[in-house]
Amino acid sequence: MIKENLERIKATIPEHVTLVAVSKTKPISDIQEAYDAGHRTFGENYPQELRDKHEALPKDIQWHFIGHLQTNKIKYIIPFVTLIHSIDSANLLEAVNKEAKKHERVADCLLQFHIAQEETKFGLDLEEARQLLESDTFKNMENIRICGVMGMATFTDDEVEVRKEFKHLKAIFDTLKQDYFAGQPQFKEISMGMSEDYPIAIEEGATLVRIGSKIFGPRHYNV
Ligand SMILES: *Cc1c(COP(=O)(O)O)cnc(C)c1O
């Protein structure tokens, strides 16, 4: 099942787009199945769950952290995480920098933007991002690297609205690239699109899509 789902989805994704298989709440055996089918890039939302899965599974997996991150939990993921998609404040970025320094590594991060209509979703707006990127604190952070942007569209069947929100994120990316990251090739990622809206996200410029339920089936939260 998982193998077939992966193959079906991969057939719809162009080569320049990376599929992040979102395995939150799913057992190790499901991830192993995707791994055995050749998949290596996975996304998780909860730091301790991610740490435990990293310990249990093959070490050539690239783990992306995509959930809301609390500063006191950064320590669980910093030693091995490939990309943190969800930087939504200057404080969080500073804390990631500090933890990465302890581990003598550079942590790759995306800035998360609030593009949806729902107030409950996390993320910066352009003005907040500008303040962050222009601050002296940011300029002194040597253990993080900003690689692009991330956003979640409104949960709705309204494709016009979803497309508008993805266009908005792409415009934010272009603005930041021009104003702060010109000539910096690492600033290239646009993480947008989930099971229900990823085809639209790819049309609007996504380089990373985060797909969970279309690969692993619906999630059951029992906590
Ligand atoms: C859970 C989650 C996904 C995957 O959602 P699906 O609808 O199951 O594909 C993608 N991105 C984020 C940030 C998530 O929390």
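Scroll up for the structure.
Residues numbered from 1 in each chain as written. Predicted model: local features only at pLDDT ≥ 70, side-chain atom pairs only at ≥ 80, totals over all residues. Heavy atoms only, no water.

1. Describing helix α3 (residues 47–56)
Restricting attention to buried positions, one finds in α3 the residues P47, L50, K53 and H54. The buried residues of α3 all sit within an arc of 130° when viewed along its axis, so they share a single face. Exposed residues lying more than 90 degrees from the buried face of α3 are E55 and A56. Along its buried surface, α3 packs onto α2 (28–36), β2 (41–44) and β3 (62–65). (Buried < 20%, exposed > 50% of the residue type's maximum accessible area, 1.4 Å probe, protein only. Helix = DSSP H or I, 4+ residues; strand = E, 2+ residues; numbered from the N terminus. Arc of directions from axis to C-beta. Contact = heavy atoms within 4.5 Å.)

2. Brief notes about the site of the ligand
For the ligand, the set of nearby residues contains 13 residues, the closest of which are K24, N45, S195, S213 and R219. One of the side-chain N or O atoms of N45 is found 2.8 Å from an oxygen atom in the ligand. One of the side-chain nitrogen or oxygen atoms of R219 is found 2.8 Å away from an oxygen atom of the ligand. Relative to its unbound accessible surface of 390 Å², the ligand loses 91% to contact with the protein. Grouping the amino acids of the shell around the ligand by side-chain chemistry returns six nonpolar, four polar and three charged. (Near = heavy atom within 4 Å. Polar contact = N/O pair within 3.5 Å; in protein donor to acceptor, adjacent residues only side chain to side chain. Areas by Shrake-Rupley, 256 points an atom, 1.4 Å probe, with all protein chains shown as cover. Nonpolar A, V, L, I, M, F, W, Y, C, P; charged D, E, K, R; others polar.)

3. Observations regarding the packing of aromatic side chains
As enumerated under the stated definition, the model contains three aromatic pairs in all. Ring plane angle 10° and centroid distance 5.0 Å describe the contact between F173 and F187, whose orientation is recorded as stacked. In this pair, F173 sits in helix α7 (residues 159–180) while F187 sits in the loop between α7 and β7 (189–191), placing the two residues 14 residues apart along the sequence. Each member of the pair, F173 together with F187, is buried. Seen in terms of ring centroids, F181 and F187 are 4.0 Å apart; in terms of plane orientation they differ by 5°. Their pairing is stacked. With a relative accessible area of 4%, F181 lands in the buried category. (Phe/Tyr/Trp six-rings, centres within 6.5 Å; stacked < 30°, edge-to-face > 60°.)

4. Remarks on the pairing of β2
Side chains T41 and G43 project from β2 onto one buried face, and the interleaved F42 and E44 project onto a second face that is buried too. Note: strand β1 (residues 18–22) against β2, two bridges, orientation parallel. Bridged to V22 within β2 is G43. Viewed along the sheet, the connection from β1 through α2 into β2 turns out right-handed. Of the pairings in the sheet, the one linking β2 to β3 comprises four bridges and is parallel in character. (Pairing = 2+ DSSP bridges. Right-handed = clockwise from strand over helix to strand, strands pointing away.)

Nothing here speaks to function; it is all geometry.
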